[in-house]
Amino acid sequence: METKFHFAFKVKDIESTIAFYNTILGCKLGRQSESWVDFNFFGHQLSAHVSNNIPKLDYCGKVENLNVPIPHFGCILDKETFSDLESKLKKHDIAFVVKAQKRYQNKKGEQQTMFVLDYSNNKGVFE
């Protein structure tokens with residue numbers, strides 16, 4: 001059985017959220033209101049809800065020699081989609097928390113990974 005996830009999270013406003021997830025990442029818009037918007041996030045559903053109480057960044061995660069932000073969410077992508085997404089992020093001058101790099105080199109689970117922040121400081125990771 002193939003399953004998909006739904007993830008609801010806080011954002012500062014609808015406009016910048018649509019700009020990031022739809023315009024930059026290419027996630028198809030779903031239902032929306034004045035206070036929330038849904039996206040097709042690489043086959044999964046993200047639901048972004050406007051809030052005035054967005055938590056501060058916390059880099060408590062330690063993976064290899066990197067401090068990674070917790071919580072974070074993202075997708076595991078094929079190599080071509082990962083490369084295309086990296087190019088889109090660079091084209092739109094999105095700052096990388098962790099630039100695209102290979103982790104666990106020559107070990108089980110070797111992967112490319114990159115971390116970015118959306119315009120509400122939500123942490124996204126792509127592998």
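Residues numbered from 1 in each chain as written. Predicted model: local features only at pLDDT ≥ 70, side-chain atom pairs only at ≥ 80, totals over all residues. Heavy atoms only, no water.

S.K.: Please clarify how the pattern of salt bridges should be interpreted in this entry.
M.R.: Two side chains of opposite charge can pair, provided their charged atoms sit close to one another. Considering all chains together, one arrives at three salt bridges under this definition. For the salt bridge of Arg31 with Asp38, the shortest nitrogen-to-oxygen distance reads 3.0 Å. On the accessibility criterion, Asp38 (3% relative accessible area) is buried. Here Glu86 and Lys90 are joined by a salt bridge, their closest N and O atoms 3.2 Å apart. In this pair, Glu86 and Lys90 are both assigned in helix H2 (residues 79-91), four residues apart and thus about one turn of the helix distant. (Salt bridge = Lys/Arg side-chain N within 4 Å of Asp/Glu carboxyl O. Buried < 20%, exposed > 50% of the residue type's maximum accessible area, 1.4 Å probe, protein only. Helix = DSSP H or I, 4+ residues; strand = E, 2+ residues; numbered from the N terminus.)

S.K.: Please clarify how the sheet that holds strand S2 (residues 28-32) should be interpreted in this entry.
M.R.: Judged by pairing direction, the sheet is mixed, and its four strands sit side by side in the order S1-S4-S3-S2 without closing on themselves. With partners counted over all chains shown, the strands left at the sheet margins are strand S1 (6-11) and S2, one partner each. With direction set aside, neighbouring strand axes in the sheet form an average angle of 25°. (Pairing = 2+ DSSP bridges. Axes fitted to C-alpha atoms, helices over the stretch in contact; angles between N-to-C directions.)

S.K.: How do you make sense of the packing of aromatic side chains when you look at a structure like this?
M.R.: Both the distance between ring centres and the angle between the ring planes are used here to describe each pair of aromatic rings. Using the criterion set out here, one finds 11 aromatic pairs in the structure. Between Phe20 and Tyr119, the aromatic rings sit 5.6 Å apart at their centres with planes inclined by 75°, giving edge-to-face as the arrangement. Residue Phe20 is located in helix H1 (residues 14-24), and its partner Tyr119 is located in the loop between strand S9 (111-117) and strand S10 (123-126); the two are separated by 99 residues in the primary sequence. Each member of the aromatic cluster is reached from another via a ring pair, and the members are Phe7, Phe9, Phe20, Tyr21, Phe39, Phe41, Phe42, Phe73, Tyr119 and Phe126. (Phe/Tyr/Trp six-rings, centres within 6.5 Å; stacked < 30°, edge-to-face > 60°.)

S.K.: Even after reading the chapter, I still don't get the nonpolar core, so can you show me in this structure?
M.R.: Soluble globular proteins tend to bury their nonpolar side chains together. Formed by 25 residues in total, the largest nonpolar core has its most connected members in Phe20, Tyr21, Leu25, Phe39, Phe41, Leu89 and Phe126. Going through the elements one at a time, S1, H1, strand S3 (36-41), strand S4 (44-50), strand S7 (73-75), H2 and S9 are the ones with two or more residues in this core. With five residues, H1 is the largest single contributor of residues to this core. When sequence neighbours within four positions are dropped, the list of residues in contact with Leu89 reads Phe20, Ile24, Leu25, Ile94, Phe96, Met114 and Val116. (Core = buried A, V, L, I, M, F, W, Y, C linked by side-chain atoms within 4.5 Å. Contact = heavy atoms within 4.5 Å.)

S.K.: For this particular structure, what's the right way to read the sheet that holds strand S8 (residues 96-103)?
M.R.: Pairing between the strands of a sheet comes from backbone hydrogen bonds, and it takes one of two forms, parallel or antiparallel. Spatially, S7-S10-S9-S8 is the arrangement adopted by the four strands of the open sheet, whose pairing is mixed. Only two strands of the sheet have a single neighbouring strand rather than two, namely S7 and S8. Between one strand axis and the next, the sheet turns through 15° on average, direction left out of account. Two elements, S7 and S10, share three bridges in a ladder whose sense is parallel. By the bridge assignment, Cys75 is partnered in S10 with Phe126.

S.K.: What's the story with H1 in this structure? I'm lost.
M.R.: For an α-helix, 3.6 residues make a turn, and residues three or four places apart therefore share a direction. Of all the positions in H1, only Ile14, Ser16, Thr17, Ile18, Phe20, Tyr21 and Ile24 are classed as buried. The distance from a side-chain oxygen at the start of H1 to the backbone nitrogen of Glu15 is 3.2 Å, and the residue carrying that oxygen is Asp13. Immediately beyond the C-terminal end of H1, within one or two residues, lies Gly26, with a positive phi of roughly 80°. (Polar contact = N/O pair within 3.5 Å; in protein donor to acceptor, adjacent residues only side chain to side chain.)

S.K.: Explain the confidence of the model for the chain to me, please; I cannot follow it from the model alone.
M.R.: In low-pLDDT regions, the fine details of the predicted coordinates are not to be read closely. On average, the chain scores 91 in pLDDT, and the residues at 70 or more come to 100%. Mean pLDDT values over the elements of the chain span from 79, in S10, up to 98, in S3. (pLDDT = per-residue confidence, 0-100.)

S.K.: In this structure, what is going on with the pairing of S3? I would like to understand it.
M.R.: In the case of a regular strand, side chains alternate between the two sheet surfaces. Inspection of the sheet shows S2 paired to S3 by three bridges, in the antiparallel sense. Within S3, the residue paired with Leu29 across the bridge is Phe39. Taken together, S2 and the strand that follows it, S3, pair antiparallel across an intervening segment of three residues. Sheet topology note: the S3/S4 ladder contains six bridges and is antiparallel. Paired with Asn40 across the two strands is Gln45, which belongs to S4. Here S3 hands over to S4 after two residues, with Phe42 in that stretch at a positive phi of 55°.

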